[in-house]
Amino acid sequence: RGLPGHAVGGGGTLSLSGRRWSQAIATFATVLAIASPAAAGWAQTHWGMTPAEVHAAMPDTRPSRGHGLQGMLERSRGRSLFSGIPVETKYYYRDGGLGLVGLDIPVPRCREAVAAIIAERGPPVRTSDQVILQLAIWHHADSDTRIRLMTSRAGICSLYYEPLAAYREGDLVGEPVL
């Protein structure tokens, strides 16, 4: 079984209800759970870096004039590898520096990416079926990082790395913030 909207085998698509999707993530996480430390933020970045610092830390990153997201502006973009999968990486900044890193994962490789994040982080602290989007969230307290996976049948497979402090409480007791 797979995540909604992701090709399996001969190009067919599997569809899971929100509850079955959450159960699939939890089951998959139990089977693959492996603890592993991580750098703060994404790869060699850390929260609060300037665009110049990100460009120096991430050699395949270049300045960009992208769109805004959650009150931040995309000012850097690059190509990276996420567990061997080539991804488009976008870096968003607020006044205090780097505030969010987004990874656009090729949809045909989404299941592989989900397996990798579960293998690295274990089960998510939260899963939610948002009707159009399926959401899974992980917390990594040591690096003050929240990891948000969003998938959809409409061809979305994105990971967002963001500072944990702003989301921890809401993720654990309320509705998760997209």
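Since the model is a prediction, treat every value here as computed from it, not as a measurement.

**Some thoughts on the overall build of the protein**
Now for step 1: If you tally the helices and strands in the protein, you get four helices and eleven strands.
Now for step 2: A burial count over the protein gives 46% of its 178 residues as buried.
Now for step 3: Across the protein, every contact between residues at least 6 apart in sequence was considered, and the portion connecting residues at least 24 apart equals 48%.
Now for step 4: On the protein, roughly 8,700 Å² of surface is accessible, and the fraction owed to carbon and sulfur atoms is 55%.

**Focus on the state of the cysteines**
Now for step 1: The tally for this structure, following the rule as stated, stands at one disulfide.
Now for step 2: A sulfur-sulfur separation of 2.1 Å characterises the disulfide bridge that pairs cysteine 110 with cysteine 157. Between cysteine 110 and cysteine 157 the sulfur-sulfur dihedral comes to about 80 degrees; the bridge is accordingly right-handed. Of this pair, cysteine 110 sits in helix H3 (residues 110-121) while cysteine 157 is found in strand S11 (residues 156-163), placing the two residues 47 residues apart along the sequence.

**Considering H3**
Now for step 1: Between the first and last C-alpha of H3 there are 16 Å, a value that for twelve residues agrees with the 16 Å anticipated at 1.5 Å per step.
Now for step 2: Every buried residue of H3 is accounted for by Cys110, Ala113, Val114, Ala115, Ala116, Ile117, Ile118 and Arg121.
Now for step 3: Downstream of H3 by one or two residues, glycine 122 has phi in the positive range, about 80 degrees.

**What about a nonpolar patch on the surface?**
Now for step 1: Taken together, the side chains of Val125, Leu172 and Val173 present a nonpolar region at the surface, about 300 Å² in accessible area.
Now for step 2: With respect to the secondary-structure elements, valine 125 resides in the loop between H3 and strand S8 (126-130).

**Some remarks on the nonpolar core**
Now for step 1: Formed by 27 residues in total, the largest nonpolar core has its most connected members in Phe82 and Tyr161.
Now for step 2: Elements supplying a minimum of two residues to this core: strand S6 (85-94), strand S7 (97-104), H3, strand S9 (133-140), strand S10 (145-152) and S11.
Now for step 3: Residue contributions to this core peak at six residues, all from H3.
Now for step 4: Non-local contacts of phenylalanine 82, meaning those with residues more than four positions away in its chain, are made with Trp42, Val87, Leu103, Ala113, Ala116, Ile117, Leu159 and Tyr161.

**Looking at the pattern of salt bridges**
Now for step 1: Scanning the entire structure with this criterion turns up eight salt bridges.
Now for step 2: One salt bridge in this structure joins lysine 90 and aspartate 104, with 2.9 Å as the shortest N-O distance. Separated by 14 residues along the polypeptide, lysine 90 in strand S6 and aspartate 104 in strand S7 bring together distant segments of the chain.
Now for step 3: A residue is classified by how much of its surface remains accessible, and lysine 90, at 15% relative accessible area, is buried.
Now for step 4: Between arginine 148 and glutamate 162 there is a salt bridge, with its nearest N and O atoms 2.9 Å apart. Remark: glutamate 162 occurs in strand S11 and arginine 148 occurs in strand S10; sequence separation between them is 14 residues.

**Re the confidence of the model for the protein**
Now for step 1: Scored by pLDDT, the protein comes out at a mean of 79, with 74% of its residues at no less than 70.
Now for step 2: Note that residues 1-16 has pLDDT below 50 and, in this model, 41 contacts with residues that lie over four places away or in other chains.
Now for step 3: Counting interchain partners and residues more than four positions distant, the pLDDT-below-50 stretch residues 23-39 has 32 contacts.

**Points about the environment of leucine 164**
Now for step 1: Structurally, leucine 164 is set in the loop between S11 and helix H4 (168-173).
Now for step 2: Owing to a relative accessible area of 0%, leucine 164 belongs among the buried residues under this scheme.
Now for step 3: In this structure, the C-alpha to C-alpha distance between leucine 164 and tryptophan 138, residues 26 residues apart in sequence, is 9.4 Å.
Now for step 4: The contacts of leucine 164, once residues within four sequence positions are left out, are His139, His140, Ala141, Asp144, Thr145 and Arg146.

Cut-offs applied
- Residues numbered from 1 in each chain as written.
- Predicted model: local features only at pLDDT ≥ 70, side-chain atom pairs only at ≥ 80, totals over all residues.
- Heavy atoms only, no water.
- Helix = DSSP H or I, 4+ residues; strand = E, 2+ residues; numbered from the N terminus.
- Buried < 20%, exposed > 50% of the residue type's maximum accessible area, 1.4 Å probe, protein only.
- Contact = heavy atoms within 4.5 Å.
- Areas by Shrake-Rupley, 256 points an atom, 1.4 Å probe, with all protein chains shown as cover.
- Disulfide = S-S within 2.5 Å.
- Expected span 1.5 Å × (residues − 1).
- Patch = residues over 30% accessible without salt bridge, like charges linked within 9 Å, V, L, I, M, F, W, Y side chains within 5 Å.
- Salt bridge = Lys/Arg side-chain N within 4 Å of Asp/Glu carboxyl O.
- Core = buried A, V, L, I, M, F, W, Y, C linked by side-chain atoms within 4.5 Å.
- pLDDT = per-residue confidence, 0-100.

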